[in-house]
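Commentary on secondary and tertiary structure
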Amino acid sequence: MASGGLQLLGFVLAFLGWIGIIISTAMPQWKMASYAGDNIVTAQALYEGLWMSCAMQSTGQIQCKVYDSLLKLESSLQATRALMVAAILLGLVAIFVAVTGMKCMKCMEEDQVKKMRMAVFGGVIFIIAGMAALVATAWYGNRVARAFYNPFTPVNTRFEFGSALFIGWAAASLAMLGGAFLCCSCPRRETSYPPTRGYPKNAPSTGKDYV
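Residues numbered from 1 in each chain as written. Predicted model: local features only at pLDDT ≥ 70, side-chain atom pairs only at ≥ 80, totals over all residues. Heavy atoms only, no water.

As recorded by an unreviewed UniProt entry, the chain carries the name Claudin and is attributed to Struthio camelus australis. Checking UniProt for the chain, the heading Function (unreviewed entry) contains the comment "Claudins function as major constituents of the tight junction complexes that regulate the permeability of epithelia." Under the Sequence similarities (unreviewed entry) heading, UniProt states for the chain: "Belongs to the claudin family." (UniProt positions renumbered as here; feature names shortened; annotations may be inferred.)

Given below as structure tokens:
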């Protein structure tokens, strides 16, 4: 029962991490910059994500523009996109695999060892998905930090970490933690000992053996 509870906890954490990865990928707030001109009315906040860039005026009006061409994007942004999409697809595969191996499901009940191995395999895929999302968000965050501290970057174009990055880091951690819990449900090998061989008992000696 303890391993079943740990297995269920791992699946819930990994599933929440997968949802967080999807939300982080879709959000435009991967990096943000805010500045105000001489007039407070002209104040605005700029956001850039993987798919679009947005500008929010001080009046509350938001305007977003989807990136026109994939070929015009930086190679690092394309790689970040690919890693996040790969993390989402791997998480989807991990959900189906892990659900098959859950103890609360009736699939593969005739072979409990294979059933538990499916849960472990799903946990491994969750860990890989979390690592892909973590690499993507960390790489993007490193680029933002390097550009921010670059003295040649104009002050009004310096960006800081957006909320999507923090959500991505938390989601990747949840996915890897949940996958690790699922891997802990791996069945232990039972040590088999050879059957003990009994020794024949000596028959009681009788006087007939002597002449």
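On we go.
**Considerations on the overall build of the chain**
Along its length, the chain carries four helices and five strands. Listed by position from the N terminus, the elements making up the chain come as α-β-β-β-β-α-α-β-α. Residues classed as buried in the chain amount to 33% of the 211 residues present. In the chain, the proportion of contacts linking residues at least 24 apart, taken out of those at least 6 apart, comes to 63%. Accessible surface, the chain: about 13700 Å² in total, of which carbon and sulfur atoms supply 65%. (Helix = DSSP H or I, 4+ residues; strand = E, 2+ residues; numbered from the N terminus. Buried < 20%, exposed > 50% of the residue type's maximum accessible area, 1.4 Å probe, protein only. Contact = heavy atoms within 4.5 Å. Areas by Shrake-Rupley, 256 points an atom, 1.4 Å probe, with all protein chains shown as cover.)

**A few points about the layout of surface pockets**
In this structure, the largest pocket spans a volume of roughly 200 Å³. Of the residues contributing to the lining of the largest pocket, the split by class is four nonpolar, one polar and four charged. (1 Å grid on protein atoms, 1.4 Å probe; cavity = no way out; pocket = protein on both sides within 12 Å on 5 of 7 lines; lining within 4 Å. Points joined across faces, edges and corners; volume = space filled by probe spheres on them. Nonpolar A, V, L, I, M, F, W, Y, C, P; charged D, E, K, R; others polar.)

**Quick word on the UniProt feature "transmembrane region" (unreviewed entry) in the chain**
Mapped onto the present numbering, the UniProt feature "transmembrane region" (unreviewed entry) falls at residues 7-27, 79-99, 119-141 and 161-184. When the span residues 79-99 is considered, its composition is 100% helix and 0% strand, and the gap between its end C-alpha atoms is 30 Å. A helix fraction of 100% and a strand fraction of 0% characterise residues 119-141, whose end C-alpha atoms lie 33 Å from each other.

**Notes on the nonpolar core**
Across soluble globular proteins, you tend to see nonpolar side chains buried next to one another. By size, the foremost hydrophobic cluster in this structure holds 31 residues, and its most contacted members are Ile21, Trp30, Met84, Phe126 and Tyr140. Of all the secondary structure elements, the ones that give two or more residues to this core are α1 (2-26), α2 (75-101), α3 (112-148) and α4 (163-183). Counting residues per element, this core draws most heavily on α2, at eight residues. When neighbours within four sequence positions are excluded, Tyr140 is seen to be in contact with Trp30, Lys31, Glu48, Gly49, Leu50, Leu77, Thr80 and Leu165. (Core = buried A, V, L, I, M, F, W, Y, C linked by side-chain atoms within 4.5 Å.)

**Regarding the pairing of strand β2 (residues 44-48)**
The sheet contact formed by β2 and strand β3 (residues 52-57) spans five bridges and is antiparallel. Paired with Tyr47 across the strands is Cys54, a residue of β3. Hairpin connection from β2 to β3: three residues lie between these consecutive antiparallel strands. (Pairing = 2+ DSSP bridges.)

**Some details on the state of the cysteines**
Under the definition given, this model contains one disulfide. Cys54 shares a disulfide with Cys64; S-S distance 2.1 Å. An S-S torsion of about 110° defines the bridge between Cys54 and Cys64 as right-handed. Pair noted here: Cys54 is in strand β3 and Cys64 is in strand β4 (residues 62-66), with a separation of ten residues, a long-range link. With no disulfide of its own, Cys184 lies 7.1 Å from the sulfur of Cys183, the closest cysteine sulfur. (Disulfide = S-S within 2.5 Å.)

**Re the side chain of Ser24**
Within the fold, Ser24 resides in helix α1. The class for Ser24 is buried, based on a relative accessible area of 0%. With sequence-adjacent residues up to four places away left out, Ser24 is seen in contact with Trp30, Met84, Ala164, Ile167 and Gly168.

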